[in-house]
Amino acid sequence: MTGSQGPVLSRRALIGTGLGVGAAVLTAAGAGTAGAAESPSGAGHGSSQRRAHAFLAAAMDAYPEHGPIRLAQSYTDQAGLFSTAFTYDNALTILAHLASRTQDGRSRAVALGDALLHAQTHDPGHDDGRLRQAYNVGPYTFYDGTPQPDGFVRADGTANVGTQFGFTGTAVGDMAWAAIALGALARRTGKRRFLTGAVRAGEWIARVGHTEEPLGGYKFGVNGADEKLPFTSTEHNTDLIALFGQLARLTGDGVWWERRARAEAFVKRMWEPAGGFFYTGTNDGVTVNTSPIPEDTQTWTHLALDSPAHARSLDWAATRLAVLDTADRPNSTVPAGQSYEGVTFSSASLLANEDAPIAAGQPKPDRHGVWFEGTAHLALALRDRHAPGDEARARRLLASVERAQERLGGGQTIGGRTLAARSGVVSASSPLDTGFGFGYYPYRHTGATAWYVLAAARANPLRV
């Protein structure tokens, strides 16, 4: 699906562009019915968080025979991405572990941070501070019969980049989130290596992403051939508001405030005052793309800016992207008797063609499929804004996510190992079309689970 001026890729759109033969297996499956819904407060809420942390730990520990330097597998095996570990998901997992305020959480966060540093300093083709979109963390045989025998660290010491699916590019948003996580580790541990890695990532972004185009900001990044991509993303620049502000505080170097101001100016240029929302970005640095309108540009902007003048974006997301997925919908994969409320990915998701697959070999989308990662974004942002009614709405959204952890994705595995019951949040209640060229499906996902943990813990990763 394309916007009115052509497609603007979000950070996640790269996930959909390199699937190749593997896309055929990304079908909806695995809904369980174990247990009753838990309360979004008190002991039940704490139990849900503990089980979420257990899932994140299992995703990190899936391949013990391949050494201690490791990242967490992003999705369960049933998603068809094998041992793929997305950089963005691992950055979120670090932040979720730190939010636990436990020794185990801190130790796991440090280990994942050191793995990102290893990837940064042992890239097979570059020595400039970049991280790739994703890595392999365990062995598998690809769909064409080609074996992938290595863990995260190859025999020659290099990081095992996810070439099989084409996850070899570097997006500014992925880099920003990794650096935000490394900066958080620097603050919590006092270890200079984490700040060094965050600064290297920030310098790569400033060098590669800087543009003098009329709308300004920082560009999307590079593809696997190291060619610069023409898009500029509101989401990415929102990430940079958080990162550059954090680096300014951690280093004392005023250049980061200047860079933050550049990213912030771009984001505010994407504001639509008549509708009370942010547009997704620009294809050419000149013309604002007006469709589709994604959820995260509404919620992350609040989490990063805390701007009363733009706080209406949360109301836009909560109302204009609201969905209720029930079993009686034609393409829903929700089991009979269950329903889930939340938000979908973008305005285009609500207009998806329900009579055709999301992509070749994939299932038909449910226009009312709940995107649980975005639902957690919104819950956290509402808690952060704390206007009348915000906390009640946030609790209702979190209760929906917790029901999904209870009931959806049963029987799924990571690294061939069965997961503990009722642990981990699926990325979507039913297959949904993002409108950006890829879909989300009901597979347990570290990113969705980590955002749930952050929302439940009231931990805003985009503001220090």
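Starting from 1, residues in each chain are numbered consecutively following that chain's sequence as written. Totals for whole chains, interfaces and linings use all residues, but because this is a predicted model, local features are given only for residues with pLDDT of at least 70 and pairs of side-chain atoms are given and counted only at 80 or more. Values reported for side chains reflect all heavy atoms of the structure, with hydrogen atoms and water molecules removed beforehand.

Let's talk about the overall build of the protein chain
Now for step 1: Across its full length, the protein chain carries 13 helices and 17 strands.
Now for step 2: The reference for a compact globule is 2.2 Å times residues^0.38; the radius of gyration itself is calculated from the C-alpha atoms. For 464 residues, the compact-globule estimate of 2.2 N^0.38 gives 23 Å, and the C-alpha radius of gyration of the protein chain, at 20 Å, lies within 12% of that figure.
Now for step 3: When the backbone C-alpha atoms are referred to their principal axes, the protein chain occupies close to 55 × 55 × 45 Å.
Now for step 4: Throughout, exposure labels follow a simple rule: accessible area from a 1.4 Å probe, protein chains only, divided by the maximum for the residue type, with under 20% read as buried, over 50% as exposed, and the rest as partly exposed. For the protein chain, with 464 residues in total, the buried portion stands at 63%.
Now for step 5: Residue contacts are counted whenever heavy atoms from the two residues lie within 4.5 Å of one another. Long-range pairs, those at least 24 residues apart, make up 72% of the contacts in the protein chain with a sequence separation of at least 6.
Now for step 6: In this description, accessible areas are obtained by the Shrake-Rupley approach with a 1.4 Å probe, and a residue is regarded as covered only by the protein chains that are shown. Here the protein chain has roughly 15400 Å² of accessible surface; of this, 53% comes from carbon and sulfur atoms.
Now for step 7: His residues and chain termini do not enter the charge count, which takes Lys and Arg as positive and Asp and Glu as negative. By convention, the charge on Lys lies at NZ, on Arg at CZ, on Asp at CG and on Glu at CD. For the protein chain, the distance from the average position of its 43 positive side-chain charges to the average position of its 43 negative side-chain charges is 6 Å. Numbering goes from the N terminus for both helices and strands, where a helix is a DSSP run of H or I of at least four residues and a strand is a run of E of at least two.

Topic: the packing of helix H10 (residues 312–320) against helix H11 (residues 372–385)
Now for step 1: It is at 11 Å that the axes of H10 and H11 come closest, and there the two elements cross at 140°. In terms of orientation, H10 and H11 fall into the oblique class. Note that H10 runs across H11; the crossing there is left-handed. Together, Leu314, Asp315 and Ala318 of H10 and Leu378, Ala381, Leu382 and Arg385 of H11 make up the contact between the two elements.
Now for step 2: Residues are sorted three ways: Asp, Glu, Lys and Arg are charged, Ala, Val, Leu, Ile, Met, Phe, Trp, Tyr, Cys and Pro are nonpolar, and all the rest, Gly among them, are polar. In terms of residue class, the contact of H10 with H11 is built from 5 nonpolar, no polar and 2 charged. For helices, the axis comes from a line fit to the C-alpha atoms of the stretch in contact; other axes are also lines fit to C-alpha atoms, and the angle between any two N-to-C directions lies between 0 and 180 degrees. Angles below 35 degrees are treated as roughly parallel, those above 145 as roughly antiparallel, those between 65 and 115 as roughly perpendicular, and all remaining angles as oblique. Left-handed is the label given to a crossing in which the near helix is rotated counterclockwise from the far helix by less than a right angle, and right-handed is the label when the rotation is clockwise.

Notes on the environment of Ala155
Now for step 1: Here Ala155 lies in the loop between strand S4 (147–148) and strand S5 (170–171).
Now for step 2: Given a relative accessible area of 85%, Ala155 falls into the exposed group.
Now for step 3: When the C-alpha atoms of Ala155 and Asn136 are compared, they prove to be 13 Å apart, with 19 residues separating the residues in sequence.

A closer look at the confidence of the model for the protein chain
Now for step 1: Per residue, pLDDT measures the predictor's confidence, with a range of 0 to 100. Summing up the model confidence of the protein chain, the mean pLDDT is 91 and the portion of residues at 70 or higher is 90%.
Now for step 2: Throughout residues 1–43 the model reports pLDDT below 50, and contacts reaching past four residues in sequence, or to other chains, amount to 144 contacts.

What to know about the nonpolar core
Nonpolar side chains tend toward joint burial in soluble globular proteins.
Now for step 1: Ranked by internal contacts, the top residues of the largest apolar core, which has 110 residues, are Leu71, Trp177, Ile205, Leu240, Leu243, Phe372 and Trp451.
Now for step 2: No other element matches the 12 residues that helix H5 (residues 172–189) contributes to this core.
Now for step 3: Those residues in contact with Leu243 that lie beyond four places of it in its chain are Ala176, Ala179, Ile180, Gly202 and Ile205.
Now for step 4: To qualify as a nonpolar core, a set must consist of buried Ala, Val, Leu, Ile, Met, Phe, Trp, Tyr and Cys residues joined through side-chain atoms within 4.5 Å. Counting 19 residues, the second largest nonpolar core, distinct from the first, contains Tyr75, Phe345, Ala428 and Phe436.

Structural notes on the sheet that holds strand S7 (residues 232–233)
Now for step 1: The strand order S7-S10-S11 describes an open sheet built from 3 strands, whose pairing is antiparallel. A strand with exactly one partner marks an edge of an open sheet, and here the two such strands are S7 and strand S11 (288–289). By definition, two strands form a pair when at least two bridges between them are found by DSSP.

Topic: the packing of aromatic side chains
Now for step 1: Each Phe, Tyr or Trp ring (for Trp, its six-membered ring) is paired with any other whose centre lies within 6.5 Å, and the angle between the two planes then decides the class: stacked below 30 degrees, edge-to-face above 60, tilted in between. Under the definition given, this model contains 28 aromatic pairs.
Now for step 2: Here the aromatic rings of Phe277 and Tyr279 are separated by 5.0 Å at their centres, their planes lie at 90°, and the arrangement is edge-to-face. The burial state of Phe277 is the same as that of Tyr279; both residues are buried.
Now for step 3: Ring pairs connect the aromatic residues Tyr75, Phe82, Phe86, Tyr140, Phe142, Tyr143, Phe165 and Phe167, which therefore count as one cluster.
Now for step 4: Sitting above the plane of the Trp256 ring, Arg259 keeps its charged end 4.6 Å from the centroid. A ring is considered to have a charge above it if a Lys NZ or an Arg CZ atom is located within 6 Å of its centre and within 35 degrees of its normal.

Section: unusual backbone geometry
Now for step 1: A cis amide bond links Ser291 to the next residue, Pro292, at an omega of -5°.
Now for step 2: By secondary structure assignment, the location of Pro292 is in the loop between S11 and helix H9 (296–305).
Now for step 3: One non-glycine residue with positive phi stands out, namely Asp226, at about 65°.
Now for step 4: The topology assignment puts Asp226 in the loop between strand S6 (221–222) and S7.
Now for step 5: Overall, Asp226 belongs to the partly exposed group, its relative accessible area being 36%.
Now for step 6: Here the phi dihedral of Asp306 falls at roughly 50°; this positive angle occurs in a residue that is not glycine.
Now for step 7: Overall, Asp306 belongs to the partly exposed group, its relative accessible area being 40%.

Re helix H3 (residues 87–99)
Now for step 1: Spanning 13 residues, H3 covers 19 Å between terminal C-alpha atoms, matching the ideal 18 Å at 1.5 Å per step.
Now for step 2: Positive phi appears at Arg101, one or two residues downstream of H3, with a value of about 55°. Working rule for helices: expected span equals 1.5 Å times residues minus one.

Focus on the side chain of Asp325
Now for step 1: Mapped onto the elements of the fold, Asp325 is located in strand S12 (residues 322–326).
Now for step 2: Here Asp325 occupies a buried position and makes no salt bridge, while the nearest side chain of opposite charge, Arg329, is found at 5.0 Å.
Now for step 3: Polar contacts, as used here, are pairs of N or O atoms within 3.5 Å; protein pairs need one atom able to donate a hydrogen and one able to accept it. Residues neighboring in sequence count only if both atoms are side-chain atoms. Engagement of the side chain of Asp325 in a polar contact is seen with the side chain of Ser430, the distance being 2.7 Å.
Now for step 4: Apart from the residues lying within four places of it in its own chain, the contact partners of Asp325 are Ser332, Val334, Gln338, Ser339, Tyr340, Asp366, His368, Gly369, Val370, Ser429 and Ser430. Counted as salt bridges are all cases of a side-chain nitrogen of Lys or Arg within 4 Å of a carboxyl oxygen of Asp or Glu.

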